[in-house]
Amino acid sequence: MTMPLSLRNSILLFFCAAVFAGCASVKEVNAFATGSRQALDKQRAENFGYYAYYHDSTYLYHYLPDHLRDVDCHCDAEKQADAHIAGEYNQLCSYFAALARFADPGAYFNFAPIGAPVPAGTYGHVNFSAQEASYSAYVATALTTLTTTGYKAKKIKVFMAEYRDSVAPLIMLLKIRADNLAGRIVNLQLQLDRTADSLISYTTDKAVKMPVLFVYEQKRKELDASLAHYQQRVKELETIIAGGQLIVDNLDNLHSQSFKNKMMGFVNALASNYH
Amino acid sequence: MDQVAAAQFANFIARFYQNLATQVGNYLHENIGNIPADQFTILSNDQTRLISYSNTFFALSDTIAFEGADVYFKKVQNATNDINDALKTIQKADTVITIAANVIALAGGIVSKNTSMITTALTALKGAVKL
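Residues numbered from 1 in each chain as written. Chains lettered and ligands numbered in written order. Predicted model: local features only at pLDDT ≥ 70, side-chain atom pairs only at ≥ 80, totals over all residues.

**Some details on the overall build of chain B**
Here's step 1: Check the secondary structure of chain B and you find 5 helices and 0 strands.
Here's step 2: Going from N to C terminus, chain B has its helices and strands arranged as α-α-α-α-α.
Here's step 3: Sequence-distant contacts, at least 24 apart, represent 72% of the contacts inside chain B between residues at least 6 apart. (Helix = DSSP H or I, 4+ residues; strand = E, 2+ residues; numbered from the N terminus. Contact = placed C-beta atoms within 7 Å.)

Now the structure itself:
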């Protein structure tokens, strides 16, 4: 007995749908992964990092030096630390690009080279712990697996297991780092305030007051801008951590309206920061 | 306490010292020119030390090198609110100096993980914030 053509087509369609269910379109997850990737990419490109911080602190914490050489910044090692941080962001961007593409097979992303994991060690004043290095190494390994071997056959559970074990802890450490740097910028401001207040209050030469005030205001604005960037960075990383956890907690429930609503809340939060 | 919790605790302590440095700075800002020069110098130097300790704790947080803090975690956390509240209302320079000196000793205890130094500083602070 031959099967009618329309029935055969229906069965074929059903099987195709079942095959692609593993990387089925989960629009909200795709939107979240895309938003996370954009936020991380923007953070990677920001130029105030450890080098800029130590450059500023060299002269702000050295009150009234005798010579200009006293405030020379020997901060080349910190540039390397900044490059490592950028490398970690690069890994995370690649992870979210892979997740976005997986959640929407039609999406196109140009994957940046994943790069080597960050080695533990000390770079000037900056230290990368063995713990942080191990998370970075796990992410690098996970990315290789997720983006190469049998990519399309992967289930979202595989992606999220990697997220839970290595991506989320790395984002958490980057969030703590960003918050610590924001805190140190506030300390630079305190020091700047103290120095300017003291100079303006105690100088007897009125010709000195105006240039001190002018330089103070310029530097204060500059630090305010860097601080605002870092505070936003912390907020964005917190949103990414919370959104990722929501997916992990709802792996069997990704098509529920409640999940979709909550997920879109995180997507909107990331988008409002991005723009 | 796991490593991430330890890093967060170090960040919390760093923020606490930053808060104190801010409050001492505000006090100096409001009273500069009105308080004796020697008291101004003491407080100004104390503010520098508070900022320095705050930076130290931020650095410890970055390196996740703050494990073993569980022993005094509660004690220190409980004291921070009282100290913050007290500094907001105190108007006398010598009281601010006493509190600043003891929180600096407390920071030394935390950095060196010296429990008896922490307890001594906390006891002194308990008396000072009631002044």
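**Observations concerning the overall build of chain A**
Here's step 1: Helix and strand content of chain A: 8 helices and 2 strands.
Here's step 2: N-terminal to C-terminal, the α/β element order of chain A is α-α-α-α-β-β-α-α-α-α.
Here's step 3: If you take every contact in chain A between residues at least 6 apart in sequence, the share linking residues at least 24 apart comes to 78%.

**Quick word on the interface of chain B and chain A**
Here's step 1: Listed as interface residues are 25 residues of chain B and, on the opposing side, 19 residues of chain A.
Here's step 2: Going through the elements one at a time, helix 1 (3–31) and helix 2 (37–62) of chain B are the ones with two or more residues in the side of chain B that touches chain A.
Here's step 3: Among the elements that take part in the side of chain B that touches chain A, helix 1 of chain B stands out by supplying 13 residues, more than any other.
Here's step 4: Taken together, the residues of the side of chain B that touches chain A sort by class into 9 nonpolar, 14 polar and 2 charged. (Nonpolar A, V, L, I, M, F, W, Y, C, P; charged D, E, K, R; others polar.)

**With respect to helix 5 (residues 115–129) of chain B**
All names here are of chain B.
Here's step 1: Look at helix 5: 21 Å from first C-alpha to last across 15 residues, which is about the 21 Å you get at 1.5 Å a residue.
Here's step 2: Ile118, Ala121, Leu122, Leu125, Ala128 and Val129 are the residues of helix 5 that are buried. Looking straight down helix 5, one finds that the buried residues subtend no more than 120° of arc, so they occupy a single side. Away from its buried face by more than 90 degrees, helix 5 exposes Ser116, Thr123 and Gly127. (Expected span 1.5 Å × (residues − 1). Buried ≥ 20, exposed ≤ 12 C-beta atoms within 10 Å, placed from the backbone. Arc of directions from axis to C-beta.)

**Regarding the packing of helix 3 (residues 50–60) of chain A against helix 4 (residues 76–103) of chain A**
All names here are of chain A.
Here's step 1: Axis separation between helix 3 and helix 4 bottoms out at 7 Å; the angle between their running directions is 150°. Classified by the angle between their axes, helix 3 and helix 4 sit roughly antiparallel to one another. The segment helix 3 lies against helix 4, with Tyr50, Tyr51 and Tyr54 engaging Glu78, Lys79, Ala81 and Asp82. (Axes fitted to C-alpha atoms, helices over the stretch in contact; angles between N-to-C directions. Parallel < 35°, antiparallel > 145°, perpendicular 65-115°, else oblique.)

**Thoughts on the confidence of the model for chain B**
All names here are of chain B.
Here's step 1: Residue-level pLDDT values for chain B average 81, and 88% of them are 70 or greater.
Here's step 2: Here helix 3 (residues 70–89) stands out as the least confident element of chain B, with mean pLDDT 72; helix 2 is the most confident, with 88.
Here's step 3: Scored as a whole, the predicted complex attains pTM 0.83, and scored at its interfaces, ipTM 0.81. (pLDDT = per-residue confidence, 0-100.)

**Details of the nonpolar core**
In a soluble, globular protein the nonpolar side chains are often hidden away together inside.
Here's step 1: In terms of nonpolar packing, the biggest core is built from 93 residues, with Tyr17 and Leu125 of chain B touching the most fellow members.
Here's step 2: Per element, the largest residue contribution to this core is 16 residues, and it comes from helix 6 (residues 156–202) of chain A.
Here's step 3: Discounting residues that sit within four places of it in the chain, tyrosine 17 of chain B has contacts with Leu50, Tyr53, Ser54, Phe57 and Ala107 of chain B. (Core = buried A, V, L, I, M, F, W, Y, C linked by C-beta atoms within 7 Å.)

**A short note on the packing of helix 4 of chain A against helix 6 of chain A**
Residue and element names in this part refer to chain A.
Here's step 1: Where helix 4 meets helix 6, the closest approach of the two axes is 11 Å, and the angle between their N-to-C directions is 150°. Taken as axis vectors, helix 4 and helix 6 run roughly antiparallel relative to one another. Judged by the twist between their axes, the crossing of helix 4 over helix 6 is left-handed. For the pair formed by helix 4 and helix 6, the contact residues are Glu88, Leu92, Tyr95, Leu99 and Phe102 on the first element and Ile156, Phe159, Val167, Leu170, Ile171 and Leu174 on the second.
Here's step 2: Its residues assigned to classes, the contact of helix 4 with helix 6 shows 10 nonpolar, no polar and 1 charged. (Left-handed = near helix turned anticlockwise from the far one by under 90°.)

**Re unusual backbone geometry**
All names here are of chain A.
Here's step 1: Phi at leucine 64 takes a positive value of approximately 50°, unusual for a residue other than glycine.
Here's step 2: The topology assignment puts leucine 64 in the loop between helix 3 and helix 4.
Here's step 3: Residue class for leucine 64 comes out exposed when judged on the 8 C-beta atoms lying within 10 Å of it.

**Some remarks on the environment of methionine 117 of chain B**
Here's step 1: Assignment of secondary structure puts methionine 117 of chain B in helix 5.
Here's step 2: Spatially, the C-alpha atom of methionine 117 of chain B lies 9.4 Å from that of alanine 107 of chain B, the residues being 10 residues apart in sequence.

**Details of helix 7 (residues 206–249) of chain A**
Turn by turn, an α-helix covers 3.6 residues, leaving residues three or four places apart pointing in a common direction.
Here's step 1: The first and last C-alpha atoms of helix 7 of chain A sit 64 Å apart over 44 residues, in line with the 64 Å expected at 1.5 Å per residue.
Here's step 2: Of the residues making up helix 7 of chain A, those classed as buried are Ser226, Tyr230, Arg233, Glu236, Leu237, Thr239, Ile240, Gly243, Gly244 and Ile247 of chain A.

**Side note on the environment of aspartate 104 of chain A**
Here's step 1: For aspartate 104 of chain A, the position within the fold is in the loop between helix 4 and strand 1 (121–123).
Here's step 2: Sequence separation of aspartate 104 of chain A and lysine 27 of chain A is 77 residues, and the distance between their C-alpha atoms is 6.7 Å.

**Quick notes on the environment of asparagine 19 of chain B**
Here's step 1: Structurally, the position occupied by asparagine 19 of chain B is in helix 1.
Here's step 2: Taking the C-beta count within 10 Å as the criterion, asparagine 19 of chain B has 18 such neighbours and is therefore assigned partly exposed.

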